[in-house]
Amino acid sequence: MLSPLISVLAQSNFTKLIWQDAFDKEGKVDFAKWTYNTAMGCPVCGWGNDEKQYYTSRIKNVEIENGMLKIRVFREIYNGAGFTSGRIHTKNKFSVRYGRIEARAKVPVGYGTRPAIWMLGSNISQAGLPACGEIDIMEYKGSIPNRIYATLHYPGYLADNANGNKILMDNATGEFNLYAVEWTKEKIRILVNEIVINEVRNNSNIPYNHDYFILLNLAIGGGFAGPVDPALSEASFEIDYVRVYEQPT
């Protein structure tokens, strides 16, 4: 079932591939492309929100296995947190201004899980949130199975007041789906399986005309995801690939 706001089948004109990771090398992620975040919370880095995980660089939490990136959360005591998980990003290694950014992924099962495919303005260290801007290509909470969120956060549109929309899918947890944003000077539209579910007109008054970097993570609990199932011991967020296409001229 689609949101009543937008249900348009997209015809993409973004065809020139400029960056990708197919996660085809077993073991740890490619350090030429990705950096780990390792901490329990860091508001200036774009996370916190009373989440319960400690992000680590252990292969246990972030591993490439059988051609898939697997970000895993485990219930365990680690540096004061009750869970461990993983978060990686491309800051200072790859950024993009306009284009199509897409990822094929399968979200985890579990009350309290919160996987995300998203982007932050590369000026976050100077401007902070929400001034740098945020693009949530895909966000999910396990308490509402199969509902996918697509959201923009920027000054005046943050948290519960963010500029977002959502779609209820048939099988987000059991199948891989294609999540994407097509971003130009004129508009930003977020898609699931080539269906537009959120579209915002771009202009000079919102922070979507500078470079952004990519983030992948699996959070647990916190204000958005809500309480964690007491029986949840582990969960896995799987990503087949990430691709970036240049904006057509």
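Computed from a predicted structure; not experimentally measured.

S.K.: Quick one: what's the story with the pairing of strand S16 (residues 195–201), residue by residue and with numbers?
M.R.: Bridging between strand S15 (residues 187–192) and S16 involves 6 bridges; their strand directions are antiparallel. Of the residues in S16, the one forming a bridge with Lys187 is Arg201. Counting the residues that bridge the hairpin from S15 to S16 gives 2 residues, and of these Asn193 lies at a positive phi of roughly 50 degrees.

S.K.: Now, about the sheet that holds strand S11 (residues 134–140): what can you tell me, with residues and values included?
M.R.: The strand order across the open sheet formed by 7 strands is S3-S8-S17-S10-S11-S12-S13, and the pairing between neighbours is antiparallel. Of all the strands in the sheet, just strand S3 (35–36) and strand S13 (163–168) have a single pairing partner and so form its edges. Bridging between S3 and strand S8 (residues 87–89) involves 2 bridges; their strand directions are antiparallel. Counterpart to Thr35 in the pairing with S8 is His89.

S.K.: Summarise the nonpolar core; cite the residues concerned and give the values.
M.R.: Ranked by internal contacts, the top residues of the largest apolar core, which has 54 residues, are Leu69, Met119, Ile135, Tyr179 and Trp183. Residues Leu120, Ile124, Cys132 and Phe213 belong to the second largest nonpolar core, which totals 7 residues.

S.K.: Quick one: what's the story with the pattern of salt bridges, residue by residue and with numbers?
M.R.: Enumeration over the complete set of coordinates arrives at 17 salt bridges. Here Asp50 makes a salt bridge to Lys52, at a shortest N to O gap of 3.3 Å. Shared partners join several salt bridges into a network, and the residues in it are Arg100, Glu102, Glu182, Arg189, Glu194 and Arg243.

S.K.: Run through unusual backbone geometry, naming residues and quoting values.
M.R.: Here the amide bond leading from Leu129 into Pro130 is cis, since omega sits at 5 degrees, within 30 degrees of zero. Relative to the helices and strands, Pro130 is located in the loop between helix H1 (124–127) and S11. A positive phi is found at Asn193, a non-glycine position, where the angle reads about 50 degrees. Take Asn193: it is sitting in the loop between S15 and S16. Take Asn193: its relative accessible area is 34%, and that puts it in the partly exposed class.

S.K.: Could you give an account of the packing of aromatic side chains, naming the residues involved and the relevant values?
M.R.: For the structure on display, the rule yields 11 aromatic pairs. Taking 4.9 Å as the distance between ring centres and 20 degrees as the angle between the ring planes, the aromatic pair formed by Trp19 and Phe94 counts as stacked. Within this pair, whereas Trp19 is found in strand S2 (residues 17–21), its partner Phe94 is found in the loop between S8 and strand S9 (99–106), the two being separated by 75 residues in sequence. Judged by relative accessible area, which is 11%, Trp19 ranks as buried. Taken together through their ring pairs, the aromatic side chains of Tyr98, Tyr154, Tyr157, Trp183, Tyr208 and Tyr212 make up a single cluster.

S.K.: Lay out the side chain of Lys70 in plain terms, naming residues and giving numbers.
M.R.: Among the secondary structure elements, Lys70 is positioned in strand S6 (residues 68–78). Residue classification places Lys70 among the buried residues on the basis of a relative accessible area of 15%. In this structure Lys70 touches Asn61, Val62, Glu63, Glu65, Ser236, Phe237 and Glu238, once residues within four positions along its chain are discounted.

S.K.: Explain the environment of Asn92 to me, using residue names and the numbers behind them.
M.R.: Tracing the sequence through the fold places Asn92 in the loop between S8 and S9. Sequence separation between Asn92 and Trp34 is 58 residues; the distance between their C-alpha atoms is 9.2 Å.

S.K.: Explain the pairing of S11 residue by residue, including any values.
M.R.: Of all 7 residues that make up S11, 7 are buried, and the element is covered over most of its length. Where strand S10 (residues 113–121) meets S11, 5 bridges bridge the pair, whose relative direction is antiparallel. Within the sheet, the bridge partner assigned to Ala116 lies in S11 and is Glu139. Sheet topology note: the S11/strand S12 (residues 147–153) ladder contains 5 bridges and is antiparallel. When the bridges of S12 are listed, Glu134 appears paired with His153. Between S11 and S12, which follow one another and run antiparallel, lie 6 residues, and Asn146 among them has a positive phi close to 75 degrees.

How each quantity is defined
Residues numbered from 1 in each chain as written. Predicted model: local features only at pLDDT ≥ 70, side-chain atom pairs only at ≥ 80, totals over all residues. Heavy atoms only, no water. Pairing = 2+ DSSP bridges. Helix = DSSP H or I, 4+ residues; strand = E, 2+ residues; numbered from the N terminus. Core = buried A, V, L, I, M, F, W, Y, C linked by side-chain atoms within 4.5 Å. Buried < 20%, exposed > 50% of the residue type's maximum accessible area, 1.4 Å probe, protein only. Salt bridge = Lys/Arg side-chain N within 4 Å of Asp/Glu carboxyl O. Phe/Tyr/Trp six-rings, centres within 6.5 Å; stacked < 30°, edge-to-face > 60°. Contact = heavy atoms within 4.5 Å.

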